[in-house]
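Secondary and tertiary structure notes
What follows is each chain in one-letter form.
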Amino acid sequence: MKADLHGTGARELAMAGLPKVSDRSSIRRSNLGLVLRLLRDEGPRSRARIATDTGLPKATVSSLVTELVESGLAREGEVEREGTVGRPGLAVEIDGSTVCGIGAEINVDYLSILALDLRGTVIAERRIAFDVRTASPDAVLDAIADTIRRTVDELRADGIRTIGVTLAAPGVIDMKRGRVSYASNIGWRDVDALAGLARRLGPDAPPLHLENDAKLGAIAEYLAVSAPDMHDLLYLTGEIGVGAGIIAGGQLLRGTAGHAGEVGHLPLDPGGRLCACGRRGCWETQVGLAALLRAAADPDDPVCDPSVDLEQRLAELMRRAKAGDPRTLDALDAIATALGPGIALLLDVLNPQLLVLGGHFAFFGQYLIDQVRHTVHQTVMAPDAGGCEIVLSTLGFTAAARGGACLALDAVYQDPAGSLLLQPARR
Ligand SMILES: [Zn+2]
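Computed from a predicted structure; not experimentally measured.

Regarding the UniProt feature "domain: HTH iclR-type" (unreviewed entry) in the protein chain
This chain's UniProt record puts "domain: HTH iclR-type" (unreviewed entry) on residues 35-75. A distance of 13 Å separates the end C-alpha atoms of residues 35-75, which is 71% helix and 10% strand.

Shown next, in the form of structure tokens:
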């Protein structure tokens, strides 16, 4: 039995590489997921309406809902009155306050963790200033594993089970082998990150996944967009490294070897500055966070100190910009000037419906976006920039970790019973 649920298929496609229902014969298990996804995508509704929407028999829906309620994934609340005819029913809605997914991000100068419950509420969040460039991969994995362990333990003490953890890394990911193939800004090459993390967290760890930060950011942005017909999105990270997460036709684009979206290394400034990748004139040497800091401040300025929290440093730069400090404003102007042509190029290639600027591009958006929009509209071949809207992310520097948490939680939506079995409740 399969329902045609508007928008649901696209959301699932965006998360390719997810755990699938392992027992294909278990129609019941897949129907549990079907009902849960209906509640997620279409909102609370009565058992009768779930039956209508899914095409499942009412008795089946009743027992599925009972199982979801007993497992804590759904609850029955307000009475729903369906028009003027028929009996009112209790509305079934997503609960899931006792399960969570965790995203853990390794970035150039910080590590961060974010946990979401099934309703998408942030229930744990922390960021640690950490100079990943100068630390060994082992030291970084030690630190992130320690942070994950502490978060999982704290949540468990509150009766919350962690369904899965996604590690976000700023580089190309070898999905098959669970390795970070190449991450120029942190100096990683073929690092066995997933196995290293699993070894540190031990056999009781929740299921672990590994994904590129920009791709996870794109997933988070895609899920955050409320427009149901928007399935072509480009997310641009704004960090030391610059990368794109591409959702095309509702599907996350990885490319043959996972390199799709490595736009920070487009050679947009021929003969320009040396990039961490070893080549010259890459786009991120013009628009990345390091370029901004370099232009806005001297190396001994506290805003360049990686031991200070990133948002504190950027808040100081924002204060200077608002005070009209010419050096800061010039630095932001240079970012805007170099950002426009690169974005125009991406729009010519991909023609997305929405381009979301993340990280420091969003943080300083008020100083960048008008110029970027102007350049894009002047440059892109298609009329009206191909219909693309350029917006600022509202997820701040949490987009990658948030996308990781969503990806981890998707296991529950795909196979509610199976994902809970993997992580028995320990109270
Ligand atoms: Zn480069």
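Structural notes on the pattern of salt bridges
Under the definition given, this model contains 26 salt bridges. Between Arg 40 and Asp 41 there is a salt bridge, with its nearest N and O atoms 2.8 Å apart. Residue Arg 40 is classed as partly exposed on the basis of its relative accessible area of 22%. Across the salt bridge formed by Arg 75 and Glu 93, the nearest N and O atoms sit 3.0 Å from each other. In this pair, Arg 75 sits in strand β2 (residues 74-80) while Glu 93 sits in strand β3 (residues 89-94), placing the two residues 18 residues apart along the sequence. Judged by relative accessible area, which is 22%, Glu 93 ranks as partly exposed. Residues participating in the shared-partner salt-bridge network are Asp 174, Arg 177, Arg 179, Asp 190 and Asp 192.

Overview of the coordination of the zinc ion
The zinc ion binds to the protein through His 265 (ND1), Cys 275 (SG), Cys 277 (SG) and Cys 282 (SG), with metal-donor distances spanning 2.0 to 2.3 Å. All donors to the zinc ion come from one chain, and their sequence spacing reads H-x9-C-x1-C-x4-C. With His 265 in the loop between β14 (251-252) and α8 (283-287) and Cys 282 in the loop between β14 and α8, the pair connects residues that are 17 residues apart, well separated along the chain. The class of His 265 is buried, set by a relative accessible area of 13%.

Points about the packing of aromatic side chains
Inspection of every chain in the model, using the stated rule, returns 1 aromatic pair. The positively charged end of Arg 40 is found above the aromatic ring belonging to Tyr 413, 4.4 Å away from the centroid. Arg 127 extends its terminal NZ or CZ atom over the ring of Tyr 110, reaching a point 5.8 Å from the ring centre.

Brief notes about helix α5 (residues 137-157)
End to end, α5 covers 30 Å across 21 residues, agreeing with the expected 30 Å (1.5 Å per residue, within 8%). Of the residues making up α5, those classed as buried are Val 140, Leu 141, Ala 143, Ile 144, Ala 145, Thr 147, Ile 148, Thr 151, Val 152 and Leu 155. Contacts made by the buried residues of α5 are with β4 (99-106), β5 (110-117), β6 (122-129), β7 (161-169), β10 (188-191) and α6 (193-201).

Side note on the sheet that holds β7
Taking strand neighbours across the sheet as the criterion, the 5 strands line up as β6-β5-β4-β7-β11 in an open arrangement whose pairing is mixed. Lying at the two open borders of the sheet, with one neighbouring strand each, are β6 and β11 (208-212). For this sheet, the mean angle separating the axes of adjacent strands, direction not counted, is 15°. Across 7 bridges, β5 lies against β6 in antiparallel orientation. Its bridge partner being in β6, Leu 116 is matched across the sheet by Val 122.

Regarding empty space enclosed by the protein
Considering all chains together, one arrives at 2 cavities of 30 Å³ or more under this definition. In this model, the second largest cavity occupies a volume close to 60 Å³. Contributing to the lining of the second largest cavity are 13 residues, with Glu 105, Tyr 235, Thr 237, Glu 239 and Ala 400 lying nearest its centre. Elements with a minimum of two residues in the lining of the second largest cavity: α7 (213-224) and α14 (399-414). Residue contributions to the lining of the second largest cavity peak at 3 residues, all from α7.

Considerations on the state of the cysteines
A full pass over the atoms with the stated rule returns 0 disulfides. Unpaired in this structure, Cys 406 has its nearest cysteine sulfur neighbour in Cys 100, at a distance of 12 Å.

Overview of the nonpolar core
Counting residues in hydrophobic clusters, the biggest one holds 80 residues, and the most contacted among them are Trp 188, Leu 236, Leu 339 and Ile 343. When residues in this core are grouped by element, the largest group, 10 residues, is from helix α11 (residues 326-350). The next biggest cluster of nonpolar side chains, apart from the first, holds 30 residues, and it includes Leu 36, Val 65, Leu 118 and Ile 163.

A closer look at the environment of Thr 337
Assignment of secondary structure puts Thr 337 in helix α11. Accessibility expressed as a relative area gives 41% for Thr 337, which makes it partly exposed. Linking Thr 337 and Gln 286, residues 51 residues apart in sequence, is a C-alpha distance of 9.3 Å. For Thr 337, the side chain forms a polar contact with the main-chain oxygen of Asp 333, separated by 2.7 Å. There is a polar contact of 2.9 Å between the side chain of Thr 337 and the side chain of Gln 371.

What counts, and where the lines are drawn
Residues numbered from 1 in each chain as written. Predicted model: local features only at pLDDT ≥ 70, side-chain atom pairs only at ≥ 80, totals over all residues. Heavy atoms only, no water. UniProt positions renumbered as here; feature names shortened; annotations may be inferred. Helix = DSSP H or I, 4+ residues; strand = E, 2+ residues; numbered from the N terminus. Salt bridge = Lys/Arg side-chain N within 4 Å of Asp/Glu carboxyl O. Buried < 20%, exposed > 50% of the residue type's maximum accessible area, 1.4 Å probe, protein only. Donors = N, O, S within 2.8 Å, 3.2 Å for Na, K, Ca; no water. Phe/Tyr/Trp six-rings, centres within 6.5 Å; stacked < 30°, edge-to-face > 60°. Lys NZ or Arg CZ within 6 Å of the ring centre and 35° of its normal. Expected span 1.5 Å × (residues − 1). Contact = heavy atoms within 4.5 Å. Pairing = 2+ DSSP bridges. Axes fitted to C-alpha atoms, helices over the stretch in contact; angles between N-to-C directions. 1 Å grid on protein atoms, 1.4 Å probe; cavity = no way out; pocket = protein on both sides within 12 Å on 5 of 7 lines; lining within 4 Å. Points joined across faces, edges and corners; volume = space filled by probe spheres on them. Disulfide = S-S within 2.5 Å. Core = buried A, V, L, I, M, F, W, Y, C linked by side-chain atoms within 4.5 Å. Polar contact = N/O pair within 3.5 Å; in protein donor to acceptor, adjacent residues only side chain to side chain.

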